[in-house]
Each structure stands twice: as structure tokens, then as C-alpha cells.
Amino acid sequence: MEIVSIAVPPFPIFIEGNLTKYEKSTWHPNRNDLEYFDIIFVKEGQLFLVEEGREFTINKHEMLILQPLKHHYPFKPTAEYTEFYWLHFYTSSYYTEGKEPTKLTSSIPIPSLHYHNHSYTIHLQKKGPLVDYEEIYQKIDQLLLATTNENKDLSFWDIQLSFFSLINLLESQGIAKDTSYMMAEKVVQFLRENYHLPITNDTLTKHFNIHENTISKYMKKFYKVTALEYLNSYRLEQARILLLKTDNPIQTIAEKCGYTYGQYFSNVFKKNYGISPLNYRKKHLGTTEGRFL
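Here is what the cut-offs are and how they apply
Residues numbered from 1 in each chain as written. Predicted model: local features only at pLDDT ≥ 70, side-chain atom pairs only at ≥ 80, totals over all residues. Heavy atoms only, no water. Helix = DSSP H or I, 4+ residues; strand = E, 2+ residues; numbered from the N terminus. Contact = heavy atoms within 4.5 Å. Pairing = 2+ DSSP bridges. Axes fitted to C-alpha atoms, helices over the stretch in contact; angles between N-to-C directions. Phe/Tyr/Trp six-rings, centres within 6.5 Å; stacked < 30°, edge-to-face > 60°. Buried < 20%, exposed > 50% of the residue type's maximum accessible area, 1.4 Å probe, protein only. Lys NZ or Arg CZ within 6 Å of the ring centre and 35° of its normal. Salt bridge = Lys/Arg side-chain N within 4 Å of Asp/Glu carboxyl O.

(A) Fine view of the overall build of the chain. Within the chain, the secondary structure is distributed over 9 helices and 11 strands. Once local pairs closer than 6 in sequence are excluded, the contacts in the chain between residues at least 24 apart make up 73%.

Okay, here's the thing in C-alpha cells:
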């Protein structure tokens, strides 16, 4: 199973969609160089499509995602009556396709004042069965209804929110995330919720009942860093928030972010950002409060 990974922000934008019905022996259109994604959901029958030389047979209650700027065409006509939804959406963000979900970094820089807005990666199956097809079809119908002439009063954002709800459902089916990815996500969630506490590799091993080498392998696979490297980076991000949004002493900020000693925190901060916590605060806020240079 291949996975399409899309970095967020920016969010993908829904363009258009419809329910199409083919009689037997109908050929799907031949298309090339379209700048948007095309998601196909087969409700009845089968479709036989090619993407850049790769053949796909999409059966009843299955989906297929076709990438932008690639050649899509049928390799044979429908063998029976066929109904399918098609949805087009666009993104200017990074995306990739592979055997495993890939953690991507957003192309939009997030200011230091807003480090709570972390980037995210959407992971969708390239092709596969729809686990809860009835709910998925219901959401698609709601989305398409919102785009009809009878609903002109609905805003652009109403339509996009409906589309986001569908994407969230597709991603949450559990078909796009393998065990190793889910474990890496659990480790990251644990670190973000407990970063203010003392955490070591032994802490993670005991909590998840998995050897530290396995945890490290999963983290490097999807986040490109070890668990403790991620923890240190997250602690420093939280410290930057506190430096800019509070007047807490440096020692207090250090303790709130999991560092016992303020001087050690200052050294780590300066090593990573090239400036001490105190001077970072003074640079951005013009204050002189603090103890450690």
C-alpha cells in the first residue's frame, strides 16, 4: 500500500467534484498535466486507469489518488455499469508518495511567537478499500451539495470545512498508518505532554515497553531525529514562547521546560540559537529581566 503525504500548512483547497455514471464499454477521459490532485471513489462497478504507465483497477468501494502533472488515461473501457465520485483539490505545499508515510515540513515559516502552530502531514492511502464507505459517501454528498447553485449562500470556508472533514475521515480510517508510524506518533505525543518532566531513554522504554533502539529507529524513520533530540527541540520551542510571552525569570522558564539548572538551559539555548535566553528576550522585547547570560 502506497501513501500520499502532504505537508500542512497551507491546507489543500477543494476545487470541484461530481458523481459520474458510465454505461458498459465507456472509456474514461485521457488527461495530462493537470495541476490538481484527483481522488476517485468507485461506488458501483470498476474503473481501469493508468498513471504514468502504472495500471490500477479500482473496484467497488475503493479509492485512488491521482497526482498532479501526471498522465492519466484508461487502459480499457468499463466492463459493467459504473458510478464513481471524483474530487479535485489543489495544494502549493510539499507532497510525496511512497511505500510508507513521510513526515514533511511545511513550506510556510512559523514565527517564533506562534510555535504552538506546528506543521502537520496529511497521510492518505494511494489506493485501497474504503473502511467506512457509507459515512465517506455521505460526506462526499454533503460536500457536493454545498457546491450546487441551490447553496450559493454558503461561503468558500463552509465548503472547505466540509472538504477538511472528509479528508480527516479518510486519514483516520487507520489504513494509511502502519504500526511503526503510530508508535512514533505516540512517542511524540508523550514527549509533548510531559516535556516539563525528567525524561530519558529508560523512561520511554518503561512507558512503551519497547527497547530504546526500536524507539530511536521509528523516530529517525519518520521524524529524522531521536526521541531525546525531538524532546530537546520541543523544550527549546516552549522556552522561546515563555521568554516572549511571560516575564518569568530564566530559572523558572528552565524548570517549566524540563531543565533543572538555569545555567545549563542557557548554554543549550545559546548553542542552538546562537544567543542567550536573556539576550533573545531583550532583542525581541527590549527587557533586561533575567539572570543568566
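There is more to say, and it comes next.
(B) Inspection of the sheet that holds strand 6 (residues 62-66) at higher detail. A sheet is described by the order of its strands in space; here 5 strands give the open sequence 2-8-3-6-11, paired in antiparallel fashion. Unpaired on one side and paired on the other, strand 2 (13-22) and strand 11 (127-129) mark the two borders of the sheet. Each strand of the sheet is rotated relative to its neighbour by a mean of 15°, with strand direction disregarded. Across 5 bridges, strand 3 (residues 37-44) lies against strand 6 in antiparallel orientation. The residue of strand 6 that forms the bridge with Ile-40 is Leu-64. The strands touched by helix 1 (residues 133-146) are strand 2, strand 3 and strand 8 (82-90); relative to strand 8, the strand with the most contacts, the crossing angle is about 60°. Strand contacts of helix 2 (residues 156-171): strand 2, strand 3, strand 6 and strand 8, with the helix running at about 70° to strand 2, the strand carrying the most contacts.

(C) Quick look at the packing of aromatic side chains. Under the definition given, this model contains 20 aromatic pairs. Look at Phe-269 and Tyr-280: their rings are 5.6 Å apart centre to centre, the planes differ by 70°, and that puts the pair in the edge-to-face class. Here Phe-269, found in helix 8 (residues 262-273), pairs with Tyr-280, found in helix 9 (residues 277-285); they are 11 residues apart in sequence, far enough to count as distant. Like Phe-269, the residue Tyr-280 is buried in the burial classification. The structure contains a cluster of three or more aromatic residues connected by ring pairs, namely Phe-11, Phe-14, Phe-37, Phe-89, Tyr-95, Phe-163 and Phe-164. The ring of Phe-48 carries Lys-76 above its face, with NZ or CZ at 4.4 Å from the centroid. The residue whose ring lies beneath Arg-235 is Tyr-259, and the NZ or CZ to ring-centre distance is 5.7 Å.

(D) Structural context of the pattern of salt bridges. Applying the stated rule across the entire model yields 9 salt bridges. Here Lys-99 and Glu-2 are joined by a salt bridge, their closest N and O atoms 3.9 Å apart. Residue Lys-99 is found in the loop between strand 9 (95-98) and strand 10 (120-125), and its partner Glu-2 is found in the segment before strand 1 (3-8); the two are separated by 97 residues along the sequence. Salt bridges linked by common partners bring Glu-2, Glu-51, Arg-54, Glu-97, Lys-99 and Lys-126 together as one network.

(E) Structural context of the sheet that holds strand 1. What the 3 strands build is an open sheet, ordered 9-1-10; its pairing is antiparallel. Strands with a single pairing partner mark the edges of an open sheet, and in this sheet they are strand 9 and strand 10. For this sheet, the mean inter-axis angle between neighbouring strands, taken without regard to orientation, is 20°. Two strands pair when backbone bridges link them, and strand 1 and strand 10 are joined in this way by 6 bridges, in the antiparallel orientation. What sits directly across from Ala-7, in strand 10, is Thr-121.

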